[in-house]
Amino acid sequence: MTPHSDNLVLIGFMGSGKSSVGRLAAKALGFQFIDTDQAVVDRTGRQIAEIFATDGEAAFRVLETEAIASLAHLHRCVISTGGGAALLPKNREQLRSLGFVVCLTASEEVLFERVSRNAKRPLLQTSNPRETLSELMKARRAVYAETAHWTLDTTLLPQTEVVEALIVAAKEAFAWKRTP
Ligand code: S3P
């Protein structure tokens, strides 16, 4: 981290809570909240599912990389990323240069329960989403670990505790003084 990279970047698998927890952490820190999936939607005027369906995953990854690159000037933001944002080495480097990168994890069971609440994730529209999730997690574990400065397992934590832990870790990473 450079001294000026005072953003909190959240990476991790679909359903790990990046957006919901990120929003709350941003509010508590007085930071702006940015979501890279939303950035893709805003930049293209198209929904993620539609991009996957019409142009495929590779096309989405190009748009996602462009959206991540466009964040370089940001300060004091919580940046929530799509679950595959760390797949490309170029993105990994960019995400780490943006600030303090935290990977949110949870057990496969918990993640599957969370992602099953809605059917909006194109990569899980398979005949066996549970198996797909398991395979994707296996394939991505090392990439998440390599990208993150810190990893937080949320399996057993209520949302409020995840947010609290994030804030404490972020303040430490930004070397903010505890008292004025
Ligand atoms: C993806 C995760 C999604 C979205 C896209 C691809 C992935 O974001 O970027 O469907 O490759 O894991 P969430 O992690 O917010 O669901």
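All values derive from a computational prediction rather than experimental measurement. (Residues numbered from 1 in each chain as written. Predicted model: local features only at pLDDT ≥ 70, side-chain atom pairs only at ≥ 80, totals over all residues. Heavy atoms only, no water.)

Student: Kindly report on the site of the ligand, identifying the contributing residues and their values.
Tutor: Taken together, 14 residues form the shell around the ligand, and within it Lys18, Asp37, Arg61, Arg121 and Arg140 come nearest. Between the ligand and the protein, one listed contact pairs an oxygen atom with a side-chain N or O atom of Lys18 at 2.5 Å. The protein chains hide 94% of the 390 Å² of surface that the ligand would expose on its own. For the shell around the ligand, the secondary-structure elements that each account for two or more residues are helix H3 (48-55) and helix H4 (57-69). When its residues are assigned to classes, the shell around the ligand shows six nonpolar, three polar and five charged. (Near = heavy atom within 4 Å. Polar contact = N/O pair within 3.5 Å; in protein donor to acceptor, adjacent residues only side chain to side chain. Areas by Shrake-Rupley, 256 points an atom, 1.4 Å probe, with all protein chains shown as cover. Helix = DSSP H or I, 4+ residues; strand = E, 2+ residues; numbered from the N terminus. Nonpolar A, V, L, I, M, F, W, Y, C, P; charged D, E, K, R; others polar.)

Student: Help me get a handle on unusual backbone geometry, residues and values and all.
Tutor: Non-glycine residue Arg76 carries a positive phi angle of around 50°. Checked against the element boundaries, Arg76 lands in the loop between H4 and strand S3 (77-80). Residue Arg76 is classed as partly exposed on the basis of its relative accessible area, which comes to 41%. (Buried < 20%, exposed > 50% of the residue type's maximum accessible area, 1.4 Å probe, protein only.)

Student: Got a sec to walk through H4? Specific residues and values, please.
Tutor: The α-helix advances 3.6 residues per turn, and as a result positions three or four apart in sequence lie on the same side. Between its first and last C-alpha, H4 extends 18 Å over 13 residues, near the 18 Å set by a 1.5 Å rise per residue. On its buried side, H4 packs onto helix H2 (36-44), H3, helix H5 (89-98) and helix H7 (129-147). (Expected span 1.5 Å × (residues − 1). Contact = heavy atoms within 4.5 Å.)

Student: Explain H5 to me, using residue names and the numbers behind them.
Tutor: Along H5, the residues classified as buried are Asn91, Arg92, Gln94, Leu95 and Leu98. Projected down its long axis, H5 carries its buried residues within an arc of 165°, all on one side. More than 90 degrees from the buried face of H5, the exposed residues found are Pro89, Lys90 and Glu93. On its buried face, H5 is in contact with strand S1 (7-12), H4, S3, strand S4 (99-105) and H7. (Arc of directions from axis to C-beta.)

Student: I'd like to hear about the pairing of S1, residue by residue, with values.
Tutor: Counting buried positions along S1 gives six out of six residues, so the element sits mostly inside the fold. Covered by surrounding structure in S1 are Asn7, Val9 and Ile11 together with Leu8, Leu10 and Gly12, the residues of both alternating faces. The pairing of S1 with S4 spans six bridges and is parallel. Along S4, the bridge assignment pairs Leu8 with Phe100. (Pairing = 2+ DSSP bridges.)

Student: How would you explain the packing of aromatic side chains if you had to name every residue and give the values?
Tutor: On inspection of all chains with the given rule, the structure shows two aromatic pairs. Geometrically, the ring pair formed by Phe52 and Phe60 is tilted, given 4.9 Å between the ring centres and 35° between the ring planes. Classification of Phe52 by relative accessible area gives buried; the value is 15%. It is Arg130 that lies over the ring of Phe112; its NZ or CZ is 5.7 Å from the centre. (Phe/Tyr/Trp six-rings, centres within 6.5 Å; stacked < 30°, edge-to-face > 60°. Lys NZ or Arg CZ within 6 Å of the ring centre and 35° of its normal.)

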